[in-house]
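This is what each chain is made of:
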Amino acid sequence: MTTPLRLGTRGSALAMAQSGQIAEALTAATGRPVELVEVVTAGDRSSAPVHRLGVGVFVSALRDALTARTIDFAVHSYKDLPTAAAAGLHIAAVPARQDPRDALIARGGRTLAELPPGATIGTGALRRIAQLHALGLQLEVTPIRGNVDTRLGRVLGPEADLDAVVLARAGLARLGRADVITETLDPMLMLPAPAQGALAVECRIDDQDLVELLAVLDHAPSHTAVTAERALLATLEAGCSAPVAAYAELAEGEDGDEIYLRGAVISPDGTRDLRLSRTGTPADAAEIGKALAAELLELGADSILGHEGHTGPGTQQFGSTE
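Please read all numbers here as calculations on a predicted model, not as lab measurements. Residue positions are counted from 1 within each chain, in the order its sequence is given. The predicted nature of this model means local features are confined to residues of pLDDT at least 70 and side-chain atom pairs, given and counted, to a pLDDT of 80 or more, with totals for whole chains, interfaces and linings taken over all residues. Excluding hydrogens and water, the side-chain values take into account all heavy atoms of the structure.

1. What to know about the sheet that holds strand E10 (residues 199-204)
Pairing between strands is defined by DSSP: at least two bridges between the two strands are required. Each helix is a run of H or I in the DSSP string that is no shorter than four residues. Each strand is a run of E no shorter than two, and both are numbered from the N terminus. Across the sheet, 5 strands lie side by side as E2-E1-E3-E10-E4; this open sheet has mixed pairing. Either end of the sheet is taken by a strand with one partner, and the two such strands are strand E2 (34-38) and strand E4 (89-93). The sheet shows a mean angle of 35° between the axes of neighbouring strands, direction not considered. By the bridge criterion, 5 bridges tie strand E1 (residues 5-9) to E2 in an arrangement that is parallel. Residue pairing in the sheet places Thr9 in a bridge with Glu38 of E2. Every axis in this analysis is a line fitted to C-alpha atoms, fitted for helices over the stretch in contact. Angles between the N-to-C directions lie between 0 and 180 degrees.

Okay, here's the thing in structure tokens:
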């Protein structure tokens, strides 16, 4: 049992950091050594806008490596995963989730409300772009690509050309860069992507010993929240790239633990913004997500989704945590 387990990971600083943290946690819990194996994905090789790259662009190469048995397990940013299950693979654990909220990094330490009309703000996620437009702050929103340092350099570097950027708080925290955040955005203003801040630890379903070993990393409350959010996403999904947001929280209710799920579908230009919430028991997390999606569809979410065109199931893409 001293043979190191091979953990597949993207090569970005963020991916290496979060994979390294999972490797350390698994070794600490089980004594089993882990080595990182870098896998280059199609998303890493492309400079196209994230929402135009297609589904699974940051995970398909990792899953191919799992299937080919060149790695034993992989760590994904959960929001990068397609909603459709991958044949022969299994999500063995969802570790404790980082803060799923979005974060603003602005020149002069400004908050979102302090940015003047016409200020330029960059982000790589269509969901964020749509919600920024919906706020009606008269900001100039610019799609951007690149790793965390590249994006921060657009605001904080010597050649800064933007007034602010929006990134996932979780990625900044995992890189030890939370100090640059000027405002953590309230979900009432900027609802996160489904599963933002969560990691998915995936292995082959036929490797039962590893399935059981990796289960030690699972954090039940995080797993439950992500289950609700992803169920909403899967039910809404119509093969388009329209922005969908979801955020589930667990809290103690009068009759035990409750799950509170908020969901939204926003048109890319921000002119249509449907938001609803629903509560229930953690055991019904998936059903809560499906029911909330059905309510959104009844309010016309399908017409917003339809504006982007139908390209088949399982193709919604939210972009890398970076």
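2. Structural notes on a negative patch on the surface
For patches, a residue must show more than 30% relative accessible area and have no salt bridge; joins then use 9 Å for like charges and 5 Å for nonpolar side chains, namely Val, Leu, Ile, Met, Phe, Trp and Tyr. Where accessible areas are quoted, they stem from the Shrake-Rupley method and a 1.4 Å probe; at the residue level, only the protein chains shown are allowed to cover. The rule for a salt bridge is simple: a side-chain nitrogen of Lys or Arg has to be within 4 Å of a carboxyl oxygen of Asp or Glu. Under the counting rule used here, the positive set is Lys and Arg, the negative set is Asp and Glu, and His together with the chain ends is not counted. Working definition for charges: the position is that of NZ of Lys, CZ of Arg, CG of Asp or CD of Glu. Residues Glu252, Glu254, Asp255, Asp257 and Glu258 make up a contiguous surface patch of negative charge. Within the secondary structure, Asp255 is located in the loop between strand E11 (244-253) and strand E12 (256-266). Exposure categories follow from relative accessible area, calculated using a 1.4 Å probe and restricted to protein chains: below 20% of the type maximum is buried, above 50% is exposed, and the middle band is partly exposed. Classification of Asp255 as exposed rests on a relative accessible area of 79%.

3. Overview of the nonpolar core
As used in this record, nonpolar core signifies buried Ala, Val, Leu, Ile, Met, Phe, Trp, Tyr and Cys residues forming a set joined through side-chain atoms within 4.5 Å. Ranked by size, the top nonpolar core spans 20 residues in total, and within it Leu232, Leu236, Val244, Leu261, Val265 and Leu296 carry the most contacts. For Val265, the contacting residues outside a window of four places in its chain are Leu236, Pro243, Val244, Arg272, Asp273, Leu274, Leu296, Ala301, Ile304 and Leu305. The next biggest cluster of nonpolar side chains, apart from the first, holds 16 residues, and it includes Leu5, Ala92, Ala93 and Val211. Should any heavy atoms of two residues lie within 4.5 Å, those residues are counted as being in contact.

4. Remarks on unusual backbone geometry
Of note, the phi angle at Arg69 is positive, near 65°, even though the residue is not glycine. Secondary-structure assignment places Arg69 in the loop between helix H3 (60-67) and strand E3 (73-77). Exposure remark for Arg69: the relative accessible area of 43% places this residue in the partly exposed category. In the Ramachandran plot, Gln138 falls in the positive-phi region, its phi being about 60° despite a non-glycine side chain. With respect to the helices and strands, Gln138 occurs in the loop between helix H4 (126-134) and strand E7 (140-143).

5. Digging into the packing of helix H8 (residues 220-236) against helix H9 (residues 285-298)
Interhelical geometry of H8 versus H9 gives an angle of 35° and a closest axis separation of 7 Å. In the packing of H8 onto H9, the handedness of the crossing is right-handed. From H8, Thr224, Thr227, Ala228, Ala231, Leu232, Thr235 and Leu236 reach across to H9, where they touch Ala285, Ala286, Gly289, Lys290, Leu292, Ala293, Leu296 and Leu297. For any pair of crossing helices, the crossing counts as left-handed if the nearer helix is rotated counterclockwise from the farther one by less than a right angle, and right-handed if it is rotated clockwise.

6. Some details on the side chain of Arg262
Along the polypeptide, Arg262 turns up in strand E12. Contacts described as polar in this section are N or O atom pairs within 3.5 Å, which, within protein, must combine one atom able to donate a hydrogen with one able to accept it, while residues neighboring in sequence count only if both atoms come from side chains. Here the side chain of Arg262 touches Glu249 through a polar contact of 2.9 Å, side chain to side chain. Apart from residues no more than four positions distant in its own chain, Arg262 is found in contact with Pro187, Met188, Leu191, Ala245, Ala246, Tyr247, Glu249, Leu276, Ser277 and Leu292.

7. Here's the deal with the confidence of the model for the protein chain
The predicted structure's coordinates, where accompanied by low pLDDT, should not be read in detail. Counting all residues, the mean pLDDT for the protein chain is 88, and 88% of those residues have values of 70 or more. Counting contacts from residues 43-55, a segment whose pLDDT is below 50, to residues more than four positions away or on other chains yields 31 contacts. Values of pLDDT, the confidence the predictor places in each residue, fall between 0 and 100. Note on residues 307-322: pLDDT is under 50 here. Beyond four places in sequence and across chains, it has 65 contacts.

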